[in-house]
Amino acid sequence: MRHSLKTALALASIVTLGCSKHSEQASPTAAEPGAQAPVSTRPITVDGSSTVFPISEAMAEEFQKTSAARVTVAASGTGGGFKKLCNKEVALAGASRPIKPSEVEACKANGVEYIELPVAYDGIAIVVNPENTWVDSLTVAELKKIWEPEAQATVKTWADVRKGFPKSEIHLFGAGVDSGTYDYFTLATVGEEHKSRGDYTSSEDDNVLVQGISTDKLALGFFGFAYYAENKDKLKLLGIDDGDAANGTAPVLPSIETIEKGSYQPLSRPIFIYVRKDEAERKEVQDFVHYYLGTGTKLVNEVGYIALPPQVYALATKRFDARKTGSLFAGAGSKIGVSVTELLSKE
């Protein structure tokens, strides 16, 4: 089955994914001979990153074909997902960056312990309208020049970015401030998380950004690579030069290969799910997480992301089964160029 990102048209609304035969099926009681553990009528609730949403949506849809459990999936942004996780409103939160100190404190204040699990690799695509004929690549320094807070008063046209570009307005599109993609992008380009100019069109719904850029010749924007891959006939992808000779002297385009190998820098990253430890004691949550990190990993590439190596999924499963709480990133938020393989192997 090909799962499309176009199914994510209403990311702020909860999507219940399940068949009526599952929800109406009576669970056997413990008193019946040969009975299995009963499945709770309470759904497995997932919220958070719009980047992780397509993966969780596909996982939920396929998982429910073999389980009586119900799974609901929503996307209120990475920050929104962590807020709901720390408030005990959801069982799992999708995140396109590691948990930040303020979120660590919020969970601690509510007595919430969480298990951090990497689930895929993703890259942040920098895109323009297909009618843009003057740019094929940008440097990280130019991205900083465009997006840093000071740019709001100084970089208003394409000519302000690079000599030779047209003296036409530059129209910017990007992830909303509650998005983990926004946090990671600002850290990787500006040098400080959650810091950028404010005069750009923002949305937690990446489909809104695709629509805006695809209809505006003067647009430039950023969002997860999977959304570019789904809409590549409407967008023009730019290469990025990170200025690091080790990655070559030519700009690098994001692709499955360059993101997986880490040569698309500094805009490649792992993405995660966070599971509440108390919810992890539910049999249906255990089954769903095992599916997510096991059989379901085949769906990661299908929805446009890059699967982790098998040994990483095995280490993540071991982490979950041991109920290892906390963050591999010490609760410090996004880090550039860090290998989750190395971090998991050290545990």
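No experiment lies behind these values; they were computed from the predicted model shown.

S.K.: How should I be thinking about unusual backbone geometry in this particular structure?
M.R.: The phi angle of most residues is negative, glycine excepted, and most peptide bonds adopt the trans form. Here glutamine 265 and proline 266 are connected by a cis peptide whose omega angle stands at 5 degrees. Mapped onto the fold, proline 266 is located in the loop between helix 10 (256–261) and strand 12 (268–276). Here the phi dihedral of histidine 194 falls at roughly 65 degrees; this positive angle occurs in a residue that is not glycine. Within the fold, histidine 194 resides in the loop between helix 7 (180–189) and strand 8 (201–203). Although it is not a glycine, arginine 323 sits at a positive phi angle of roughly 55 degrees. Note on placement: arginine 323 falls in the loop between helix 13 (310–321) and helix 14 (340–345). Assessed through its relative accessible area of 17%, arginine 323 is described here as buried.

S.K.: Any chance you could explain the environment of leucine 92 here in plain terms?
M.R.: For leucine 92, the position within the fold is in strand 4 (residues 92–95). Since its relative accessible area comes to 0%, leucine 92 is described here as buried. Sequence spacing of leucine 92 and valine 285 is 193 residues, and the spatial spacing of their C-alpha atoms is 9.1 Å. Residues contacting leucine 92, with those up to four places away along its chain left out, are Ile44, Thr45, Val46, Asp47, Leu85, Ile273, Tyr274, Val275, Val285, Phe288 and Val289.

S.K.: So what exactly am I meant to see when it comes to the side chain of arginine 97 here?
M.R.: With respect to the secondary-structure elements, arginine 97 resides in the loop between strand 4 and helix 4 (101–109). Side-chain polar atoms of arginine 97 contact the side chain of glutamate 103, separated by 2.7 Å. A polar atom in the side chain of arginine 97 sits 2.6 Å from the side chain of aspartate 183. Those residues in contact with arginine 97 that lie beyond four places of it in its chain are Thr78, Gly79, Phe82, Glu103, Gly180, Asp183, Phe272, Tyr274 and Ser334.

S.K.: Is there a simple way to think about helix 11 (residues 283–293) in this case?
M.R.: Every α-helical turn comprises 3.6 residues, leaving residues that sit three or four positions apart pointing alike. A large share of helix 11 lies buried, amounting to eight of its eleven residues. Among the residues making up helix 11, those that are buried are Glu284, Val285, Gln286, Phe288, Val289, Tyr291, Tyr292 and Leu293.

Criteria and cut-off values
- Residues numbered from 1 in each chain as written.
- Predicted model: local features only at pLDDT ≥ 70, side-chain atom pairs only at ≥ 80, totals over all residues.
- Heavy atoms only, no water.
- Helix = DSSP H or I, 4+ residues; strand = E, 2+ residues; numbered from the N terminus.
- Buried < 20%, exposed > 50% of the residue type's maximum accessible area, 1.4 Å probe, protein only.
- Contact = heavy atoms within 4.5 Å.
- Polar contact = N/O pair within 3.5 Å; in protein donor to acceptor, adjacent residues only side chain to side chain.

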